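Report on the structure
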Amino acid sequence: MKLQTELPAVFEEFAEARRNGFLAVKKIKDQNVPVIGVFCGYFPQEVAMAMGAAIVGLCAFSDETIAEAEKDLPRNLCPLIKSSYGFGKTDKCPYFYFSDLVVGETTCDGKKKMYEYLGEIKPVYVMELPNCQSEEGLKLWKKEIIRLKETLEKKFGVTITEEAIKEAIVVKNKERKALKEFYQLSKYDPVPMLGQDLYKVMMGTGFEFNRVLIPEKLDDIRKKVLAEYKEEKKYSKKPRILITGCPIGGATEKVIKAIEDNGAVVVAFESCGGAKTVEDLVDESNPDVYEALAEKYLAIGCSCMTPNPNRIKLLDRMIDEYQVDGVVDMILTACHTYNVETLSIKRFVNDKKEKSYISLETDFSTSDIGQINTRMAAFIEML
Ligand code: BJ8
């Protein structure tokens with residue numbers, strides 16, 4: 001069994017991205033660029049990009065601030081929500097500290113209620129996200145995107161033109177395409193990189209504030225990985241795993257590690273931060289930019305939606321394209337929506353795709369690493 005102890009050099013720049021991002025966001029602040037903090041894949045980034053704002057993903061993936069959060073919030077709440085609130089409360093997230101405005105959405109119950117308290121610490125604006133991807137839902141979401149634009153204009157004293165949004169759509173689509181091309185390298189069998197490396201790159205792109213550079217950097221690393229792969233196959237063929245479920249990151253990277261330490265490889269991330277938010281582009285040919293944005297973002301297959309067919313559609317395609325042997329559904333403790341959906345995902349993966357499935361409930365502590373390893377070893381053994 002090969003243990004991954006350090007990242008191959010080619011991935012280092014991306015692994016450092018978050019730390020370097022702290023310095024970058026400070027510099028941006030010094031130049032009076034507005035900073036907008038976000039937590040969710042539903043945030044229509046192009047609207048903020050169109051006014052030249054920097055968009056930062058706020059810290060939400062560590063148990064470091066959970067004890068402080070639990071003084072105000074119930075203990076039996078999703079760790080991601082407690083962590084997000086805790087970072088805001090303790091001022092330990094530099095991105096939160098530098099944010100002029102935090103934008104949230106009415107996704108799950110815990111998050112939308114937490115925003116009410118977060119608003120006591122920082123200006124928080126909440127977008128009303130519909131729960132259904134219906135015609136009516138789409139109309140509401142389009143209106144909400146326009147309301148966001150108007151709020152940003154008022155708060156920052158700027159005008160956001162449709163032309164500028166169009167340009168932002170093109171820039172963001174290029175970024176999505178480059179990220180897709182990069183993670184599609186994992187379609188090769190054997191893989192050219194471990195899931196741990198792939199993950200670092202996917203996360204790292206969120207901390208490059210010069211968005212125009214992102215496709216260039218991704219293209220560069222894709223070529224390097226491919227060239228190395230053509231020269232030498234570093235990894236042998238292994239059982240291929242797709243991760244789905246709650247957003248993965250920080251403390252829950254322990255799941256990726258447990259999979260790979262036990263002889264398999266993560267070839268695809270369907271969850272947020274991975275394909276869920278990246279696969280579909282915004283329709284550049286639609287003259288109505290608000291409708292184009294509403295269509296793209298509302299189609300995200302998050303379990304907050306009912307029903308949630310787009311998660312199944314994406315899984316269906318990815319399981320085939322990435323030749324997946326097993327699906328790991330990572331659920332954060334007390335995430336009711338993803339937890340309830342485990343049944344339909346299990347049925348789909350087992351019955352329709354005839355692949356193995358396991359759901360794994362965890363939080364941001366390290367206390368269950370032994371148990372996760374045991375479960376992953378048994379799961380991988382039977383693939
Ligand atoms: S689009 S996945 S980022 S909502 S894990 S806080 S759902 S109780 S994070 Fe998410 Fe947006 Fe959906 Fe993506 Fe609630 Fe569940 Fe916690 Fe969650």
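Per chain, the residues get numbers from 1 upward, laid out in the order the sequence is written. For a predicted model such as this one, the threshold for reporting local features is a pLDDT of at least 70, and the threshold for listing and counting side-chain atom pairs is 80 or more; totals across whole chains, interfaces and linings nevertheless cover every residue. Side-chain calculation: all heavy atoms of the structure are included, whereas hydrogens and water are not.

In the annotation of an unreviewed UniProt entry, the entry for the chain reads 2-hydroxyacyl-CoA dehydratase, and the organism field reads Acetobacterium paludosum. UniProt positions are given in the numbering used here, feature names are shortened, and annotations may be inferred rather than shown by experiment. UniProt annotates the chain under Cofactor (unreviewed entry) with the comment "[4Fe-4S] cluster".

Moving on: empty space enclosed by the protein. Two kinds of site are reported from a 1 Å grid over the protein atoms alone, namely cavities, where a 1.4 Å probe fits but cannot get out, and pockets, open sets with protein on both sides within 12 Å along at least five of seven lines, and residues are called lining when an atom falls within 4 Å of a point. Grid points are joined across faces, edges and corners, and a volume is the space filled by probe spheres set on the points. Tallying each qualifying case throughout the model produces two cavities of 30 Å³ or more. As for the second largest cavity, its lining consists of Tyr183, Leu198, Met202, Val267, Ala268, Phe269, Ala275 and Met318. Helix numbers and strand numbers start at the N terminus; a helix is a DSSP run of H or I with at least 4 residues, a strand a run of E with at least 2. Where the lining of the second largest cavity is concerned, the elements lending two or more residues are α10 (195-204) and β6 (265-269). Looking at the lining of the second largest cavity, the element that brings in the most residues is β6, giving three residues. In the lining of the second largest cavity, the residues fall into eight nonpolar, no polar and no charged. Any residue outside Ala, Val, Leu, Ile, Met, Phe, Trp, Tyr, Cys, Pro, Asp, Glu, Lys and Arg is labelled polar, Gly included; the first ten of those are nonpolar and the last four are charged.

Put simply, two rings from Phe, Tyr or Trp (the six-membered ring, in Trp's case) pair if the centres are within 6.5 Å, and we call them stacked under 30 degrees between planes, edge-to-face over 60, tilted for the rest. What the rule picks out here adds up to seven aromatic pairs. Ring plane angle 45 degrees and centroid distance 6.2 Å describe the contact between Phe61 and Phe364, whose orientation is recorded as tilted. Taken together, the positions of Phe61 in the loop between β2 (54-57) and α4 (66-69) and Phe364 in the loop between β8 (356-362) and α17 (369-381) put the pair 303 residues apart, joining distant regions of the chain. Overall, the relative accessible area of 25% leaves Phe61 in the partly exposed class. Under the scheme applied here, a residue whose accessible area is under 20% of the maximum for its type counts as buried, over 50% as exposed, and between as partly exposed, the area being computed with a 1.4 Å probe on protein chains only. In this structure Phe364 comes out as buried when scored by relative accessible area, which is 3%. Between the aromatic rings of Tyr188 and Tyr229, the centroid separation amounts to 5.1 Å while the plane-to-plane angle is 50 degrees, which identifies the pairing as tilted. In this pair, Tyr188 is assigned in the loop between α9 (162-183) and α10 and Tyr229 in helix α11 (residues 213-231), connecting sequence segments 41 residues apart.

So, on to the pattern of salt bridges. The salt bridge criterion pairs a side-chain nitrogen of Lys or Arg with a carboxyl oxygen of Asp or Glu, the two atoms within 4 Å. Scanning all chains against the criterion turns up 37 salt bridges. The salt bridge partner of Lys71 is Glu68, with a shortest N-O separation of 3.0 Å. Its relative accessible area of 61% is what places Lys71 among the exposed residues. Overall, the relative accessible area of 26% leaves Glu68 in the partly exposed class. Of the charged contacts in the structure, one is a salt bridge between Glu153 and Lys149, with a shortest N-O distance of 3.1 Å. Of the two residues, Glu153 and Lys149 are both situated in helix α8 (residues 135-156); the distance of four residues between them amounts to about one turn of the helix. A relative accessible area of 17% places Glu153 in the buried class. Residues participating in the shared-partner salt-bridge network are Glu270, Lys276, Arg311, Asp329 and Glu341.

In this analysis, a patch consists of residues with relative accessible area above 30% that form no salt bridge, clustered at 9 Å for like charges and at 5 Å for the nonpolar side chains Val, Leu, Ile, Met, Phe, Trp and Tyr. Note that accessible areas follow from Shrake-Rupley with a 1.4 Å probe, and for residues the cover is restricted to the protein chains shown. As used throughout, the charge tally considers Lys and Arg to be positive and Asp and Glu to be negative, leaving His and the chain termini uncounted. Lys charges are placed at NZ, Arg charges at CZ, Asp charges at CG and Glu charges at CD. A cluster of acidic residues, Glu135, Asp283, Glu284 and Glu295, forms a negative patch on the protein surface. Considering the arrangement of structural elements, one finds Glu295 in helix α14 (residues 289-298). Note on Glu295: relative accessible area 36%, which makes it partly exposed.

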